Amino acid sequence: MLIRVVAVLVRQRMANATPAGVDPKAFLEAMAEDTYEMVAGLDLVTPVLVTSVPGLDEIVWPGTEIIDIDEDEPLTSVLSRLPGDQAAVIGADAPDLPPLLVGKLFRELGRAEITVCQAEDGGAVALACALPAPAWADPDLDDPAVVATLRAQAPGPRRVATTPGWHRLRTPEDVHRLDPGLEGWDTTRALLKEA
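Residues numbered from 1 in each chain as written. Predicted model: local features only at pLDDT ≥ 70, side-chain atom pairs only at ≥ 80, totals over all residues. Heavy atoms only, no water.

### A look at the overall build of the protein
Each helix and strand in the protein was counted, giving five helices and seven strands. Mapped in sequence order, the helices and strands of the protein form the string β-α-β-β-α-β-α-β-β-α-β-α. Over its C-alpha trace the protein gives a radius of gyration of 16 Å, about what one expects of a compact globule, namely 16 Å for 195 residues. Counting only C-alpha atoms and orienting by the principal axes, one finds that the protein spans roughly 50 × 35 × 30 Å. When burial is assessed residue by residue, the protein has 52% of its 195 residues classed as buried. Within the protein, residue pairs in contact and separated by at least 24 positions form 64% of the contacts whose partners lie at least 6 positions apart. In the form shown here, the protein has an accessible surface area of approximately 9,000 Å², with 52% of it arising from carbon and sulfur atoms. Looking at charge distribution, the protein has the averaged site of its 16 positive side-chain charges lying 9 Å from that of its 31 negative ones. (Helix = DSSP H or I, 4+ residues; strand = E, 2+ residues; numbered from the N terminus. Rg over C-alpha atoms; globule rule 2.2 N^0.38 Å. Buried < 20%, exposed > 50% of the residue type's maximum accessible area, 1.4 Å probe, protein only. Contact = heavy atoms within 4.5 Å. Areas by Shrake-Rupley, 256 points an atom, 1.4 Å probe, with all protein chains shown as cover. Lys, Arg positive; Asp, Glu negative; His and termini not counted. Charge placed at Lys NZ, Arg CZ, Asp CG, Glu CD.)

Below is the structure:
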């Protein structure tokens, strides 16, 4: 049976999306916790926290692996540090990401080497691949044209697949993208109600 890992990627700069009147550290932790909780609730995957932000061990379940990275550590380096046969990396700034979209990333690996859940405003919310990651790929979730970049790097046309997209919180205005009708993202929701 395949060992599938889903890593929640937390970078300090994700706090740039903090709306007015909210503590940036608390907002970043809330987003990371909600994204992690969604991942931890998935069947048949192992959650991992990959972070450049210290002190996030309190948001994860006991036994969860935490991988410390540099703020600007490339995604290829992050992927090389993950255990398992297949891995997905999800930006922590997508606290209301539906679990179904994570499943679609892994399903598409049956026909492609890398699958990408594109962000509505450019870049990617998440990316999945078999491990070790393809040597030809140099992915970056913040590359505005990540799919075109990866397809240009790929040795063949069908190596990169896409799944339905979603949104990330990158600016304070982006909190309006959060879907109030979706379950989950309780910590972020509660924090925003307090503000």
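Moving on, there is more to tell.
### With respect to helix α3 (residues 99-108)
Taken together, the buried positions of α3 are L101, V102, L105 and F106. Along the axis of α3, the buried positions cluster into a sector of 145°, meaning they face one direction only. Residues of α3 that are exposed and angled more than 90 degrees away from the buried face: L100 and R107. Among the structural elements, β1 (4-10), α1 (24-40), β4 (86-91), β5 (114-119), β6 (124-130) and β7 (160-166) are those in contact with the buried residues of α3. (Arc of directions from axis to C-beta.)

### Looking at the nonpolar core
Within the largest apolar cluster, 44 residues are counted, with the highest numbers of intra-cluster contacts made by V6, V10, F27, I90, L97 and V102. In contact with V6, other than residues within four places in its own chain, are V39, V45, T46, P47, V48, A88, I90, V102 and F106. (Core = buried A, V, L, I, M, F, W, Y, C linked by side-chain atoms within 4.5 Å.)

### A few points about the pattern of salt bridges
A full pass over the atoms with the stated rule returns twelve salt bridges. A salt bridge links R81 to E73; the shortest N-O distance between them is 3.0 Å. Among the residues examined, R81 registers a relative accessible area of 36% and is labelled partly exposed. Overall, E73 belongs to the buried group, its relative accessible area being 10%. (Salt bridge = Lys/Arg side-chain N within 4 Å of Asp/Glu carboxyl O.)

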